[in-house]
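Single-letter residue listing:
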Amino acid sequence: MLISPSILSADFANLEEELDAIASADWAHVDVMDGHFVPNLTIGLPVVERLVEVSPVPIDTHLMIEDPDRWAPMYAELGAKSVTFHIEAAADPKTLARNLRALGARASMALKPKTPWEPYAELLPELDMVLVMTVEPGFGGQAFMADQMPKVRAVRESVRRYGGEVWIQVDGGVSASTIEQCAEAGADVFVAGSAVYNADDAAGNVDKLRALVAAHQH
Ligand code: DX5
Ligand code: ZN
């Protein structure tokens, strides 16, 4: 089980401090948005490069961008531990995933809420993680989409049949009131932005989310 707080809800003028505040998490989730694949615009390569250098935990990049075939490998090169591209934007996902792994990153593929899983199940051997979005990508603080839980279950079932180790990440609206249903559906990597950073005591919020999942697993 991994907890990956999203710095999208952090103070962008103090990112180093905000990363230090979640040093008890497993990863730090960094949302890269290009204003094209999603309407919002955040940060890109030069900022992520510095985040990798100063972060106390590995960086988990979520690329909501067009042409990930070209750009995603550069995030692997600068040292992101995990690089997630969106299947809706990828021209050649198999080659892209292989490139990410060759550069030393974990290769991960994301699905928007309206994107089905089944057509892509055959990509599992190329992947280290599948991200099932539980909101429409683009903004923090949106309402959790419980109707994505059947997709999490379907991915979990495919992973079980495949037999390899592929993690399942959920992202969007994950909080103390929704994280247990994600765990119960088969997710094991949990992104939370507003639930960690929009309340005081980010570290305490990480511990609280972790405890909810741990209690669920026993
Ligand atoms: C949304 C981003 C998420 C976002 C989640 O497009 O991918 O990572 O930060 O924020 P919350 O947890 O507030 O829904
Ligand atoms: Zn994200």
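Scroll up to find the structure this text is about.
Just so it is clear, the structure is predicted and the values come from calculations on it, not from any experiment.

Novice: Any details on the sheet that holds strand β7 (residues 167-171)? Residues and values, ideally.
Specialist: One open sheet accounts for 8 strands, arranged β1-β8-β7-β6-β5-β4-β3-β2; its pairing is parallel. Each end of this open sheet is capped by a strand with a single partner; those strands are β1 (2-5) and β2 (28-33). The sheet shows a mean angle of 20° between the axes of neighbouring strands, taken without regard to direction. Sheet topology places strand β6 (residues 129-133) next to β7; 5 bridges connect them, and they run parallel. Each bridged residue has a counterpart across the sheet, and for V130 the counterpart in β7 is I168. Packing against the sheet, helix α5 (residues 149-162) makes contact with β5 (106-111), β6 and β7, and its axis sits at approximately 170° to β7.

Novice: Account for the coordination of the zinc ion (ligand 2), naming residues and giving values.
Specialist: Summarising the metal site, the zinc ion (ligand 2) is bound by the protein donors H29 (NE2), D31 (OD), H62 (ND1) and D171 (OD), whose distances to it range over 2.0 to 2.2 Å. Viewed at the metal, the 6 donor atoms of the zinc ion (ligand 2) are separated by angles of 72 to 170°, and the geometry they form is octahedral. Using a relative accessible area of 9% as the deciding quantity, one classes D171 as buried.

Novice: Could you give me a rundown of the side chain of D31, with the residues and numbers involved?
Specialist: Mapped onto the fold, D31 is located in strand β2. Among buried charged residues, D31 stands out as having no salt bridge; its nearest opposite-charge side chain is K112, 14 Å away. At 2.9 Å, the side chain of D31 forms a polar contact with the side chain of H29. One polar contact links D31 to H62, side chain to side chain, over a distance of 3.1 Å.

Novice: Explain a negative patch on the surface residue by residue, including any values.
Specialist: Judged by side-chain charge, D11, E16, E17 and D20 come together as a negatively charged surface patch. The topology assignment puts D11 in the loop between β1 and α1 (15-20).

Novice: Could you give an account of the site of ligand 1, naming the residues involved and the relevant values?
Specialist: If you check the shell around ligand 1, you find 20 residues, and the closest are S6, G138, D171, G173 and S194. Contact distances for ligand 1 include 2.7 Å between an oxygen atom and a side-chain N or O atom of S6. Side-chain polar atom of D171 to an oxygen atom of ligand 1: 2.7 Å apart, as the coordinates give it. For ligand 1, whose free accessible area comes to 380 Å², the fraction covered by protein is 100%. Where the shell around ligand 1 is concerned, the elements lending two or more residues are β2, β3 (59-64) and β8 (189-192). Ranked by the residues each element gives to the shell around ligand 1, the list is headed by β2, at 3 residues. Its residues placed into classes, the shell around ligand 1 shows 8 nonpolar, 10 polar and 2 charged.

Novice: Before we move on, can you summarise the pairing of β5 with the specific residues and values?
Specialist: The side chains of a regular strand alternate between both faces of the sheet. The buried fraction of β5 amounts to 6 of the 6 residues, a majority that puts the element mostly inside the structure. This β-α-β element, strand β4 (residues 82-86) to helix α4 (residues 93-102) to β5, shows right-handed connectivity. Here β5 runs beside β6; their pairing, made up of 4 bridges, is parallel. In the sheet register, L111 faces β6, and the bridge partner there is V132.

Novice: A description of α4 should follow, citing residues and the corresponding values.
Specialist: Burial in α4 covers these residues: P93, L96, A97 and L100. Down the axis of α4, the buried set is contained in an arc of 95°. They therefore lie on one face. The first or second residue beyond α4 is G104, which carries a positive phi of 95°.

The rules behind the values
- Residues numbered from 1 in each chain as written.
- Chains lettered and ligands numbered in written order.
- Predicted model: local features only at pLDDT ≥ 70, side-chain atom pairs only at ≥ 80, totals over all residues.
- Heavy atoms only, no water.
- Pairing = 2+ DSSP bridges.
- Helix = DSSP H or I, 4+ residues; strand = E, 2+ residues; numbered from the N terminus.
- Axes fitted to C-alpha atoms, helices over the stretch in contact; angles between N-to-C directions.
- Contact = heavy atoms within 4.5 Å.
- Donors = N, O, S within 2.8 Å, 3.2 Å for Na, K, Ca; no water.
- Tetrahedral: all angles 85-135°; square planar, octahedral: opposite > 155°, others 65-115°.
- Buried < 20%, exposed > 50% of the residue type's maximum accessible area, 1.4 Å probe, protein only.
- Lys, Arg positive; Asp, Glu negative; His and termini not counted.
- Salt bridge = Lys/Arg side-chain N within 4 Å of Asp/Glu carboxyl O.
- Polar contact = N/O pair within 3.5 Å; in protein donor to acceptor, adjacent residues only side chain to side chain.
- Patch = residues over 30% accessible without salt bridge, like charges linked within 9 Å, V, L, I, M, F, W, Y side chains within 5 Å.
- Areas by Shrake-Rupley, 256 points an atom, 1.4 Å probe, with all protein chains shown as cover.
- Charge placed at Lys NZ, Arg CZ, Asp CG, Glu CD.
- Near = heavy atom within 4 Å.
- Nonpolar A, V, L, I, M, F, W, Y, C, P; charged D, E, K, R; others polar.
- Right-handed = clockwise from strand over helix to strand, strands pointing away.
- Arc of directions from axis to C-beta.

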